[in-house]
Amino acid sequence: MEVTREVVFPAPPDEVWEALTDPEQLEEWFANDVELDPREGGAGVFRWDNGEERRATVVVAEPSERLVLDWDDEGSVELTLEEVEEGTLLHVRESTPEVATALELRACALAVSHA
Amino acid sequence: MTDPTGRVFDALADPNRRYVLEALAERETATATELAAELPVTRQAVAKHLAALNEAGLVERRRQGRETLYELTPGPLGEAMDWMAGVGAQWDARLAALRRHLRSRRS
C-alpha cells in the first residue's frame, strides 16, 4: 500500500536536500522536534506536539538525489529529487507493508476492468 | 459475476465508485447528499455507487431519521482507504509547509 505525491519547488536540488535532511529545517515543516543523522545507517527521531513519536533508519542518502527512511514501526518513505527548469521536482512515496491483500485486490480489480 | 469476490472486483472497476470510496474514507460517516457535494457526480449517481459498494460488502449503511448514513466496512479494504487518505492528507500538509519554508528562506 503506498501513497505518492509529486511537487515542484522553485529552489535548486541542493537547497531542497538541505530542507529534507537538516534537523533544524525539518522542524520547520515535517515535525516539531527532530534528531537526524542524515547518512546511510543514521538514526532519526521525530516528535510531534500531539505526543506522536516515530523513529527511523536512513537506508539511502544520495545527496540532492535520493533519501530513503525505514520507519522502525513499519513502512518506509522514499524522496527523490530531480532538477527541472522551474527548480526541483520532489517525488514522495510512503509505503506500508500492511493491507497488502487490499492492494492486491484493488490491482486485480483494475486489471479486470482493463481486460 | 455473482460470487462475493466478483462483486468486489466490479465495485472497484469504476473510477467514480473509487472516488466515492475514497471520499467516504476521509469521513467517519456520510450521506449520499454530503458525498455528492464534494464529488463531480450527481446525488443519484452517488446513491447508485453506494448501493453497489454496499452489495459488495465494502460499505455499511444505517438509517438516521429520513437519511441513510454510510460508512466503510471495517476490515482490510476500509483500513487501506483510511491509511491512504490519512497519509495523503499528512503529506499534503507537510509539502505545503515545506513550500512556505523554502520561500521564507529565499526572501
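Residues numbered from 1 in each chain as written. Chains lettered and ligands numbered in written order. Predicted model: local features only at pLDDT ≥ 70, side-chain atom pairs only at ≥ 80, totals over all residues. Heavy atoms only, no water.

Participant: Looking at this model, I keep getting lost on the overall build of chain A. Mind explaining?
Facilitator: For chain A, the count of helices and strands is 3 helices and 7 strands. Shown N-terminal to C-terminal, the secondary structure of chain A runs as helices and strands in the order β-α-α-β-β-β-β-β-β-α. Considering chain A as a whole, with its 115 residues, one finds that 43% of them fall into the buried category. Surface accessibility of chain A: about 6100 Å² in total, with carbon and sulfur atoms responsible for 45%. (Helix = DSSP H or I, 4+ residues; strand = E, 2+ residues; numbered from the N terminus. Buried < 20%, exposed > 50% of the residue type's maximum accessible area, 1.4 Å probe, protein only. Areas by Shrake-Rupley, 256 points an atom, 1.4 Å probe, with all protein chains shown as cover.)

Participant: Would you take a moment to explain helix α4 (residues 43-55) of chain B for this structure?
Facilitator: Along an α-helix, a turn takes 3.6 residues, which lines up residues three or four apart on a common side. All names here are of chain B. Compared with an ideal rise of 1.5 Å per residue, which puts 13 residues at 18 Å, α4 spans 18 Å between its outermost C-alpha atoms and is within 8% of the ideal. Buried within α4 we find V46, H49, L50 and L53. Seen along its axis, α4 keeps its buried residues to an arc of 100°; they face one direction. Across α4 from its buried face, at more than 90 degrees, point the exposed residues Q44, K48 and E55. Two residues or fewer past α4, G57 is found with a positive phi of approximately 80°. (Expected span 1.5 Å × (residues − 1). Arc of directions from axis to C-beta.)

Participant: Quick question: what am I supposed to make of the side chain of A:R54 here?
Facilitator: Residues and elements named next belong to chain A. The topology assignment puts R54 in strand β4 (residues 53-62). Here the side chain of R54 touches D73 through a polar contact of 2.9 Å, side chain to side chain. The contact partners of R54, leaving out residues within four places of it in the chain, are G44, V45, F46, W48, W71, D73, E74 and E94. (Polar contact = N/O pair within 3.5 Å; in protein donor to acceptor, adjacent residues only side chain to side chain. Contact = heavy atoms within 4.5 Å.)

Participant: Sorry if this is basic, but what is going on with the environment of A:T57 here?
Facilitator: Residues and elements named next belong to chain A. Residue placement: T57 occurs in strand β4. A relative accessible area of 32% means that T57 is categorised as partly exposed. Sequence-wise, T57 and L36 are 21 residues apart; in three dimensions their C-alpha atoms are separated by 9.1 Å. What T57 contacts, discounting residues up to four positions off in sequence, is G41, G42, V68, L69, D70 and D72.

Participant: So what exactly am I meant to see when it comes to the sheet that holds β4(A) here?
Facilitator: Sheet strands line up and pair through hydrogen bonds in the backbone, either parallel or antiparallel. Residues and elements named next belong to chain A. Taking strand neighbours across the sheet as the criterion, the 7 strands line up as β1-β7-β6-β5-β4-β3-β2 in an open arrangement whose pairing is antiparallel. Here the strands that pair on one side only, and so sit at the sheet edges, are β1 (2-9) and β2 (33-36). Looking at each pair of strands side by side, their axes are set apart by 20° on average, direction ignored. Where strand β6 (residues 76-84) lies against strand β7 (residues 87-95), 9 bridges are found, and the strand directions are antiparallel. Bridge pairing in β7 links V84 to G87. (Pairing = 2+ DSSP bridges. Axes fitted to C-alpha atoms, helices over the stretch in contact; angles between N-to-C directions.)

Participant: Could you clarify how one ought to interpret the nonpolar core in this entry?
Facilitator: Most often, soluble globular proteins have nonpolar side chains that are buried together. Of all hydrophobic cores here, the largest spans 36 residues; its most connected members are A:L20, A:W29, A:F30, A:F46, A:L90, B:W91 and B:L98. Setting aside residues no more than four positions away along its own chain, A:F30 makes contact with A:F46, A:W48, A:W71, B:W91 and B:R94. In this structure, B:L21, B:A36, B:L39 and B:V41 belong to the second largest nonpolar core, which totals 21 residues. (Core = buried A, V, L, I, M, F, W, Y, C linked by side-chain atoms within 4.5 Å.)

Participant: How should the pairing of strand β3 (residues 43-47) of chain A be read in this particular structure?
Facilitator: Two faces belong to every sheet, and in a regular strand the side chains alternate between them. Residues and elements named next belong to chain A. When β2 meets β3, the two strands line up antiparallel, connected through 4 bridges. Bridge pairing in β3 links V34 to F46. Between the antiparallel neighbours β2 and β3 lie 6 residues, among them G41 with a positive phi of about 90°. Adjacent in sequence and paired antiparallel, β3 and β4 are bridged by 5 residues, among which G51 carries a positive phi angle near 95°.

Participant: What am I meant to see in the pattern of salt bridges here?
Facilitator: Note on pairing: side chains with opposite charge can pair once their charged atoms come close. All names here are of chain A. Under the counting rule described, the total for this entry stands at 15 salt bridges over all chains. In this structure, R39 and D37 form a salt bridge, with 2.9 Å as the shortest nitrogen-oxygen distance. Classification of R39 as exposed rests on a relative accessible area of 58%. Here D37 falls in the partly exposed class, since its relative accessible area comes to 27%. Of the charged contacts, one joins E94 and R54 as a salt bridge, the two residues approaching to 3.7 Å between their closest N and O atoms. Note that E94 is positioned in strand β7 and R54 in strand β4, a separation of 40 residues in sequence. By the burial criterion, E94 is buried, and R54 matches it. A network of salt bridges, in which partner residues are shared, links D33, E35, R47, E53 and R55. (Salt bridge = Lys/Arg side-chain N within 4 Å of Asp/Glu carboxyl O.)

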